[in-house]
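Architecture and fold: a report
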Amino acid sequence: MYTPADRSALRDALVAQARADARVGGAALTGSAAVGGEDVWSDIDLALGLAPDADQAAVLADWTATMYASHGAIHHTDMWAGPTIYRVFLLPSTLQVDIAFAPADAFGALGPTFRLLFGEAVEQPSRGAPDPVDLIGMGWLYALHARSSIARGRAWQAEYMISGVRDHVLMLMCLRHGVPHAQGRGLHLLPGATTWAVEPTLVRSLDAAELKRAFRASVDVLLAEMGEVDGELAVRLTRTLRELTAYAGCGW
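Given the structure is predicted, the values throughout are model-derived calculations rather than measurements.

1. As for the pairing of strand E1 (residues 24-30)
Summarising burial for E1: 6 of the 7 residues are buried, a large majority. Relative to strand E2 (residues 44-50), E1 is paired through 5 bridges, and the arrangement is antiparallel. Each bridged residue has a counterpart across the sheet, and for Val 24 the counterpart in E2 is Leu 50. As paired elements, E1 and strand E6 (residues 114-118) share 4 bridges and run antiparallel to each other. The residue bridging Ala 27 from the neighbouring strand is Phe 118, located in E6.

2. Things to note about unusual backbone geometry
In this structure, Thr 94 is a non-glycine residue whose phi angle is positive, near 80°. Of note, Gln 183 is a non-glycine position whose phi angle comes to about 55°, a positive value. As for its position among the elements, Gln 183 is in the loop between helix H4 (155-177) and helix H5 (192-196). With a relative accessible area of 67%, Gln 183 lands in the exposed category.

3. Things to note about the sheet that holds E2
Strand order in the open sheet formed by 6 strands is E3-E4-E5-E2-E1-E6, and the pairing between neighbours is mixed. Bordering the open sheet on either side are strand E3 (75-81) and E6, each of which pairs with just one other strand. Between one strand and the next, the sheet's axes are offset by a mean angle of 25°, whatever the strand orientation. Relative to E2, helix H1 (residues 4-20) is tilted by about 5°, and along the sheet it contacts E1, E2, strand E5 (96-102) and E6.

4. Focus on the pattern of salt bridges
Taken as a whole and assessed by the stated rule, the structure comprises 10 salt bridges. Arg 204 is paired through a salt bridge with Glu 210; the nearest N and O atoms lie 3.1 Å apart. Through salt bridges that share partners, Arg 7, Arg 11 and Glu 38 make up one connected network.

5. A closer look at the nonpolar core
Among the nonpolar cores identified, the biggest contains 31 residues, and Phe 215, Met 226 and Leu 241 are the most heavily contacted of them. Counting only elements with at least two residues in this core, the list comes to helix H3 (132-151), H4, helix H6 (208-229) and helix H7 (231-248). Here this core takes 9 residues from H4, the largest share from any one element. In this structure Leu 241 touches Trp 140, Val 219, Leu 222, Leu 223 and Met 226, once residues within four positions along its chain are discounted. In this structure, Ala 18, Leu 46, Met 67 and Ile 85 belong to the second largest nonpolar core, which totals 27 residues.

6. With respect to the environment of His 188
Mapped onto the elements, His 188 comes out in the loop between H4 and H5. Since its relative accessible area comes to 63%, His 188 is described here as exposed. Between the C-alpha atoms of His 188 and Cys 174, which are 14 residues apart in sequence, the distance is 9.9 Å.

7. Some details on the side chain of Thr 245
Examined against the element boundaries, Thr 245 turns out to sit in helix H7. Apart from residues no more than four positions distant in its own chain, Thr 245 is found in contact with Phe 215, Arg 216 and Val 219.

8. Here we look at the packing of H3 against H4
Relative orientation of the contacting elements H3 and H4 amounts to 160°, with a least axis distance of 8 Å. Between H3 and H4, the interaxial angle falls into the category roughly antiparallel. Pair H3 / H4 crosses with left-handed handedness. Residues Pro 132, Leu 135, Ile 136, Met 138, Gly 139, Tyr 142, Ala 143, His 145, Ala 146, Ser 149 and Ile 150 of H3 pack against Gln 157, Ala 158, Tyr 160, Met 161, Ile 162, Gly 164, Val 165, His 168, Met 171, Leu 172 and Leu 175 of H4. Classifying every residue of the contact of H3 with H4 gives 16 nonpolar, 6 polar and no charged.

Reading guide: rules and limits
Residues numbered from 1 in each chain as written. Predicted model: local features only at pLDDT ≥ 70, side-chain atom pairs only at ≥ 80, totals over all residues. Heavy atoms only, no water. Buried < 20%, exposed > 50% of the residue type's maximum accessible area, 1.4 Å probe, protein only. Helix = DSSP H or I, 4+ residues; strand = E, 2+ residues; numbered from the N terminus. Pairing = 2+ DSSP bridges. Axes fitted to C-alpha atoms, helices over the stretch in contact; angles between N-to-C directions. Contact = heavy atoms within 4.5 Å. Salt bridge = Lys/Arg side-chain N within 4 Å of Asp/Glu carboxyl O. Core = buried A, V, L, I, M, F, W, Y, C linked by side-chain atoms within 4.5 Å. Parallel < 35°, antiparallel > 145°, perpendicular 65-115°, else oblique. Left-handed = near helix turned anticlockwise from the far one by under 90°. Nonpolar A, V, L, I, M, F, W, Y, C, P; charged D, E, K, R; others polar.

Given below as structure tokens:
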């Protein structure tokens, strides 16, 4: 396990490398370190803004080689957001190192967790929160597939779909209470009475009766949260969604 001192030392080395690389025009701390919110479990989040004439692929390859040769990375994976590539490295110490390689015109804050270290950032369009009605739509879509998965005797798929209903309900709750909705980051900030209502949706076994119970509970909380967003929509969908759970109790 890495220590906060290990993490700080590596982050300082990476920032120094960025300053020394003429192909890097700017760097910023992102994630919890940018807002003074680090704890012992935090990882390293660094954004690099490339110089206008820099070859993104070449910079990425060189930095990747350094992460393996000098810092002991054992694997990496990539995520894209527009033209920016996020390369996520895993170290033997379990430290996660996220480095974003952004073209010059894409280097800038996408949220509050961005602290410029050097160079110039370009104002970026803000990322809007998802539309609650879209999350409701995904909730009932997962519910449809939960019903058919149970009917087909596909227990693992049923568990997956029931969890999908719950996850979208929790995102709706996060939006309603004004806490971060992505990747479960704000769930610990929800009122206990709110999350207590969701606990019955947890699947405790793959037994058919248990899957049906958790499915009914997931539809209950979906309808309740739907009512917080759009009462008329909740009324319109209640009969159909209740029909799904009625079939779930018919001895499939």
